[in-house]
Amino acid sequence: MEPLALSEVQRLSRAVLDAVGTVVVGKRDALELVLAGILAGGHVLLEDLPGLGKTLTARSLAQALGLDFRRLQFTPDLLPADITGSFLYDQRNGEFAFRAGPIFTNLLLADEINRTPPKTQSALLEAMQERQVSVEGVTYRLDPPFHVLATANPIEYEGTYPLPEAQLDRFLLRVSFGYPSRDEEWDVLRRRMSRRHEETYVESVVDAATLRAMQAALEDVVVEDSIGRYIVELTSATRDHASVLVGSSPRGSLALLLLSRVWAVFAGRDYVVPEDVKAVAAPALAHRITLRPEMWLRRVDPAFVVAEVLAATPVPASGALPSYAAGTSA
């Protein structure tokens, strides 16, 4: 895959965000994080209250990125085979044939993922990490690009199954939208009246091949050694915090690295600065932190722990070149 110029990645990213912004009102910051997760090659957990545009965001991003999109409503009776597919007997040929499930797509919306039991949730783990699906001993590769956008309601507990830490760790970042302002909410109503129908549609800005070229271009973003060590210090500090039972895994460091490179491109740079890391630290690390039980009673948010870690960790001020050579493994 021939990578694009980083300036072109920035231009196309803005165009995608502008297109999605025509139907998702007033959520530019959250949309930037979701797009950053996709450009970084990861999966995104959209955790927020019902009716705040999570499903609309996923569908609109798929349309703007020109991706094949499927939505799967997670329910308590959903089976793993309903996600991955299964073998069915073909009477004409007298043999079993594999019928692919909805996971064979570019962008899968796992709607209300915490409403299905852990056995079904685990059907996503292999696909999210390995980009493949195993059914009855046969492995099927998922065509790139492949991304999962999952939604979850953080306050409703009846009839839900909390995501295990192993699955949360597979999500590159977690994003919340929050309530719109009064002006933004009125803009939603005004746009609905203007278009005279419920459905919305976003024109494609790029296609799947262009998205892969954009993702490949991010490998050219330079991460100087002191920035890399700063990322490691932040992640390690979450493990030593007094309020934390289990801190972020090394996947947290990798998430910070990948997302900060995207954030640098959004800012028009081909190198990462500490501000890029700070901008994505909470979405990348907070969902990887398990608090001590007494912190739950005090309603301490893991994002608060990340904020304290950011405040306590010295910020590097080095202008040295990275120790690794561009285009090779570190």
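As a reminder, the structure under discussion sits directly above these lines.
Predicted model only: the values in this text are computed from it and were never measured. (Residues numbered from 1 in each chain as written. Predicted model: local features only at pLDDT ≥ 70, side-chain atom pairs only at ≥ 80, totals over all residues. Heavy atoms only, no water.)

## With respect to the overall build of the protein chain
Next up, step 1: Helix and strand content of the protein chain: 14 helices and eleven strands.
Next up, step 2: For the protein chain, the C-alpha radius of gyration of 21 Å lies close to 20 Å, the compact-globule estimate for 330 residues.
Next up, step 3: Judged by the C-alpha coordinates and their principal axes, the protein chain covers about 70 × 50 × 45 Å.
Next up, step 4: By the burial criterion, 47% of the 330 residues in the protein chain qualify as buried.
Next up, step 5: Long-range pairs, those at least 24 residues apart, make up 78% of the contacts in the protein chain with a sequence separation of at least 6.
Next up, step 6: Carbon and sulfur atoms make up 53% of the accessible area of the protein chain, which amounts to about 16,600 Å² in all.
Next up, step 7: Positive and negative charge centroids in the protein chain, built from 33 and 42 side chains respectively, lie 3 Å apart. (Helix = DSSP H or I, 4+ residues; strand = E, 2+ residues; numbered from the N terminus. Rg over C-alpha atoms; globule rule 2.2 N^0.38 Å. Buried < 20%, exposed > 50% of the residue type's maximum accessible area, 1.4 Å probe, protein only. Contact = heavy atoms within 4.5 Å. Areas by Shrake-Rupley, 256 points an atom, 1.4 Å probe, with all protein chains shown as cover. Lys, Arg positive; Asp, Glu negative; His and termini not counted. Charge placed at Lys NZ, Arg CZ, Asp CG, Glu CD.)

## Some remarks on the pattern of salt bridges
Next up, step 1: By the definition in use, this model includes 14 salt bridges.
Next up, step 2: Among the ionic pairs, Glu47 bridges to Arg174, the shortest N-O distance being 3.4 Å. Of this pair, Glu47 sits in strand β1 (residues 44–47) while Arg174 sits in strand β9 (residues 173–175), and the two are 127 residues apart along the sequence.
Next up, step 3: What makes Arg174 partly exposed here is its relative accessible area of 22%.
Next up, step 4: Close ionic contact of Asp187 with Arg191 constitutes a salt bridge, the shortest N to O distance being 3.3 Å. With Asp187 and Arg191 both in helix α8 (residues 182–195) and four residues apart, this pair spans about one turn of that helix.
Next up, step 5: In this structure Asp187 comes out as buried when scored by relative accessible area, which is 14%. (Salt bridge = Lys/Arg side-chain N within 4 Å of Asp/Glu carboxyl O.)

## Considering the layout of surface pockets
Next up, step 1: Empty space within the largest pocket amounts to approximately 1,300 Å³.
Next up, step 2: Secondary-structure elements contributing two or more residues to the lining of the largest pocket are β1, α7 (165–168), β9, α12 (274–285), β11 (290–291), α13 (293–297) and α14 (302–312).
Next up, step 3: Counted by class, the lining of the largest pocket contains 21 nonpolar, nine polar and eight charged residues. (1 Å grid on protein atoms, 1.4 Å probe; cavity = no way out; pocket = protein on both sides within 12 Å on 5 of 7 lines; lining within 4 Å. Points joined across faces, edges and corners; volume = space filled by probe spheres on them. Nonpolar A, V, L, I, M, F, W, Y, C, P; charged D, E, K, R; others polar.)

## Details of a nonpolar patch on the surface
Next up, step 1: Taken together, the side chains of Trp186, Val188, Leu189 and Met193 define a hydrophobic patch exposed on the protein surface, amounting to about 430 Å² of accessible area.
Next up, step 2: Structurally, Met193 is set in helix α8. (Patch = residues over 30% accessible without salt bridge, like charges linked within 9 Å, V, L, I, M, F, W, Y side chains within 5 Å.)

## Remarks on α12
Next up, step 1: The end-to-end C-alpha separation of α12 is 16 Å, in line with the 16 Å expected for twelve residues at 1.5 Å each.
Next up, step 2: Taken as a whole, α12 has its buried residues at Pro274, Asp276, Val277, Val280, Ala281, Pro283, Ala284 and Leu285.
Next up, step 3: Those residues of α12 that are buried are in contact with α2 (28–39), β9, α10 (225–240), α11 (250–266) and α14. (Expected span 1.5 Å × (residues − 1).)

## Let's talk about the sheet that holds β1
Next up, step 1: Across the sheet, five strands lie side by side as β2-β5-β8-β1-β9; this open sheet has parallel pairing. Here the strands that pair on one side only, and so sit at the sheet edges, are β2 (69–73) and β9. Within this sheet the neighbouring strands show an average axis-to-axis angle of 20 degrees, counted without direction.
Next up, step 2: As paired strands, β1 and strand β8 (residues 147–152) are joined by four bridges and run parallel to one another. Its bridge partner lying in β8, Glu47 is registered against Ala152.
Next up, step 3: Relative to the sheet, α2 contacts β1, β8 and β9, its axis offset from that of β9 by approximately 155 degrees. (Pairing = 2+ DSSP bridges. Axes fitted to C-alpha atoms, helices over the stretch in contact; angles between N-to-C directions.)

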